[in-house]
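Spelled out from the first residue to the last, the chains are:
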Amino acid sequence: MSEFVVRRALFSGLGFLAICLAMGQVQRAAAQTVMAGHDMGVRDEMPPDELPVPQKLSGIGNVSIKITAAPEAQMWFNQGLNLLHDFWEYESARAFEQGVRVDPQCAMCYWGLYKAEGSFHSTAKDYANQALTKAVGLEGHVSNAEKLYISASAAHEDALKGATQGRPDFSKEVKLWRKLVKQQPKDTQARIFLAQAVGEQKEYLAILKSVLDDEPENSAANHYWIHALEASPHPEEALRSAEILASLAPTSGHIVHMPGHIFYRVGDYARAEKAFTASLEADERYMQEQHIQPDDDWNYVHNLMYAIANKLEEGKLKDATALSMKLTGARGQLVTTLYTNLTRDSISRLNPLLPVALRTANWQKVLELLSTNGAPAQQANLAFLSRTLTDFAGGMLAVEGHDLLKAEESSLRVDADLWQASQQLKDNGPRSNEASSAGVAVPKLTVMPDALLQPLVNNLSVMSLELRGSVAILKKHIDDGKKIFAQAAQEEKALGYREPPNYIRPVGETEGAALMAAEDWIDAKEAYKRALLERPRSGFPLYGIALCNERSDDTTAATSAYTEFLQAWKDADSDLGQLIHARTYVAGHSHVASGRAVARPMTASNETAKTTLESLFHSSIRPNYYGNHAAISAGLVQHCLAQFHPAFFVCQAFGIPLSEKFYTRIAPADGIDNRNLHVHMPRFIRDPATLAQSTRARASL
């Protein structure tokens with residue numbers, strides 16, 4: 001029995017009936033899906049000696065190593081070294097290969113080629129060891145320091161080949177790097193490579209810190225320092241590196257992009273946006289000028305994904321949507337740009353606009369986007385993702401519509417598909433997207449690989465819990481719902497740090513929305529605060545917190561929170577409903593924000609405006625609307641909206657003190673304090689026609 005099914009039955013209270021129904025859904029899923037997945041084909045890796053001749057590049061960094069080589073080869077080596085530290089593998093390999101072409105005896109050029117082709121985003125990994133073998137064969141032509149560089153890398157490869165279970169034993173490699181650093185204490189490059197080899201975070205940071213102490217503007221060290229701290233509890237400790245790094249390598253797309261990692265983490269989305277925009281421009285210029293294909297510039301799509309995520313936190317939904325339309329063209333055909341291990345990227349492969357719809361919890365839009373773009377039949381895992389997302393979004397939409405039966409049915413289908421996917425992983429294990437090159441003369445690359453199943457299951461499991469928790473709260477099983485959301489938050493955290501976050505909408509926001517619907521304002525606010533820890537100064541949780549304060553009639557806290565929200569989203573799309581509501585609320589409570597009535601000097605025109613507006617408001621009231629709270633919040637508000645909205649909010653906006661008569665004119669029989677009417681009123685001021693009427697009324701004054 002699946003853990004998904006068991007958890008579902010326990011938390012929902014459906015018992016045996018739920019288990020039977022879920023098992024029926026499993027059979028349905030089993031009949032529809034084969035999780036093995038198929039890729040579209042293969043293509044040859046490009047041998048390094050077939051790489052195009054590179055151009056000399058500037059503005060890519062400032063590091064170097066003195067090597068035994070012809071002067072031109074030394075120049076190409078240094079270019080390759082900087083590009084290696086920039087994670088610009090394609091250009092790095094081109095530069096090192098050019099060094100070999102001009103000086104075939106350049107052992108360190110072959111060493112650099114090994115490092116570049118063996119890097120994470122390389123599209124020719126099978127040629128890395130060939131380059132290292134040639135470097136080792138030329139050790140007789142190099143200095144002792146160069147020999148240690150090469151020997152340390154050879155020891156690294158030996159450790160990988162000799163590993164049977166667990167982590168390879170890199171102790172010999174580390175020993176060689178330590179020997180080199182001891183012999184050449186001023187060689188900051190040797191210290192950086194030692195830091196990468198030690199595999200222990202504390203020493204890694206200490207070594208990088210020592211390099212930065214000696215060379216504060218070392219482009220490589222500042223790059224690695226950002227990566228070292230961005231996922232830590234204190235990303236702000238890398239702010240100096242973020243502030244200077246782009247100036248150290250202004251033409252390198254990834255380096256220009258890197259400060260955005262830190263700015264995003266500390267909630268400075270405006271500065272992050274500048275970094276991502278500059279990176280976009282640098283990559284587009286490079287690809288256009290040198291006719292480079294997307295797979296040879298992986299940073300372009302990575303930067304786009306981060307830029308979109310960043311704009312969403314800023315409330316720039318239109319910009320995020322426009323950028324999303326570039327995603328399809330930014331991806332190539334290989335793992336390097338398809339990011340098959342990251343669910344956010346896999347979701348955007350289904351439809352590039354899906355991350356925007358998911359981040360804004362626009363479930364109807366999610367369903368529309370999924371219905372227009374489907375996964376190819378050969379990509380079974382993407383098809384599974386599409387189907388499960390459809391059930392999840394349909395379930396969340398049903399929750400919003402209080403359609404409990406439909407929500408529960410969707411939740412069961414999500415759990416059933418996850419159960420089958422888990423069984424597939426259990427039976428077959430994770431499947432790699434890399435084509436096997438064993439016994440093949442020319443190494444191959446997989447073309448249009450399917451998404452990896454394990455990351456999808458991990459991500460969708462969190463969604464399953466969110467939907468289940470929302471259903472429980474809808475059924476008024478509040479404590480059960482909170483427990484489920486707590487588990488969802490744990491699984492979200494277990495997804496690990498990603499750039500940008502792999503989980504598109506924080507669990508805390510989904511929980512906050514569910515608890516808000518249940519009118520549990522206190523716990524809803526705490527849920528939004530947890531989301532705010534993950535996305536500092538994001539407008540989404542800030543608005544949720546403000547709304548909780550408003551709904552709980554805490555006018556002072558609500559005014560303060562809405563003010564903070566408006567500051568955070570000061571550059572957001574001006575027509576967003578959240579902004580309109582927040583501005584209206586703050587304008588209507590300016591006396592609260594300052595602790596006293598904010599009155600402008602009374603003039604004849606102001607006095608006339610106040611008298612006229614109050615007269616209009618009072619004359620519109622009929623006695624049969626006085627009955628109870630429901631009548632006030634529905635009948636009275638709807639009947640008097642056209643007069644009340646301009647009267648109250650315009651007077652507040654203009655600083656015109658309203659008389660006691662204004663508040664006491666409505667006297668409901670149940671004794672409700674009508675001074676709180678302004679707290680409830682904004683809930684009903686959502687209609688565009690009413691807002692337009694209000695705007696005209698304000699303008700007329």
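Refer to the structure printed above.
Bear in mind the structure is a predicted one, so any value in this text is a computation, not a measurement.

Tracing the backbone through its elements, the reader meets Ala-275 in helix 15 (residues 269-290). Residue class for Ala-275 comes out buried when judged on its relative accessible area of 9%. In this structure, the C-alpha to C-alpha distance between Ala-275 and His-261, residues 14 residues apart in sequence, is 9.0 Å. Aside from chain neighbours lying at most four places away, what touches Ala-275 is Val-256, His-257, Pro-259 and Gly-260.

Our next topic: the state of the cysteines. Considering all chains together, one arrives at one disulfide under this definition. Here Cys-106 is linked by a disulfide to Cys-109, with a sulfur-sulfur distance of 2.3 Å. Judged by the sign of its S-S torsion, about 75°, the bond between Cys-106 and Cys-109 is right-handed. Overall, the relative accessible area of 0% leaves Cys-106 in the buried class. Take Cys-109: its relative accessible area is 0%, and that puts it in the buried class.

Here we come to the nonpolar core. Across soluble globular proteins, you tend to see nonpolar side chains buried next to one another. Residues Phe-77, Tyr-149 and Tyr-562 are the most contacted members of the largest nonpolar core, which totals 168 residues. Counting residues per element, this core draws most heavily on helix 25 (residues 453-474), which supplies 11 residues.

Where two aromatic rings form a pair, the distance of their centres and the angle of their planes describe that pair. Here the structure, examined in full by the defined rule, presents 18 aromatic pairs. Ring pairing ties together the aromatic residues Phe-77, Phe-96, Trp-111, Tyr-149, Trp-177 and Phe-193, which thus form one cluster.

This next bit is on unusual backbone geometry. Going from Glu-499 to Pro-500, the amide bond is cis rather than trans, its omega being 0°. With respect to the element layout, Pro-500 can be found in the loop between helix 26 (478-494) and helix 27 (507-517). Despite not being glycine, Tyr-339 has its phi angle at roughly 45°, a positive value. Structurally, Tyr-339 is set in the loop between helix 19 (335-338) and helix 20 (343-350). On the accessibility criterion, Tyr-339 (8% relative accessible area) is buried. Unlike most non-glycine residues, Glu-519 shows phi in positive territory, near 60°.

Moving on, we come to the side chain of Arg-468. One can find Arg-468 in helix 25. Classification of Arg-468 as buried rests on a relative accessible area of 2%. A polar contact is formed between the side chain of Arg-468 and the side chain of Ser-464, at a distance of 2.8 Å.

Parameters at a glance
Residues numbered from 1 in each chain as written. Predicted model: local features only at pLDDT ≥ 70, side-chain atom pairs only at ≥ 80, totals over all residues. Heavy atoms only, no water. Helix = DSSP H or I, 4+ residues; strand = E, 2+ residues; numbered from the N terminus. Buried < 20%, exposed > 50% of the residue type's maximum accessible area, 1.4 Å probe, protein only. Contact = heavy atoms within 4.5 Å. Disulfide = S-S within 2.5 Å. Core = buried A, V, L, I, M, F, W, Y, C linked by side-chain atoms within 4.5 Å. Phe/Tyr/Trp six-rings, centres within 6.5 Å; stacked < 30°, edge-to-face > 60°. Polar contact = N/O pair within 3.5 Å; in protein donor to acceptor, adjacent residues only side chain to side chain.

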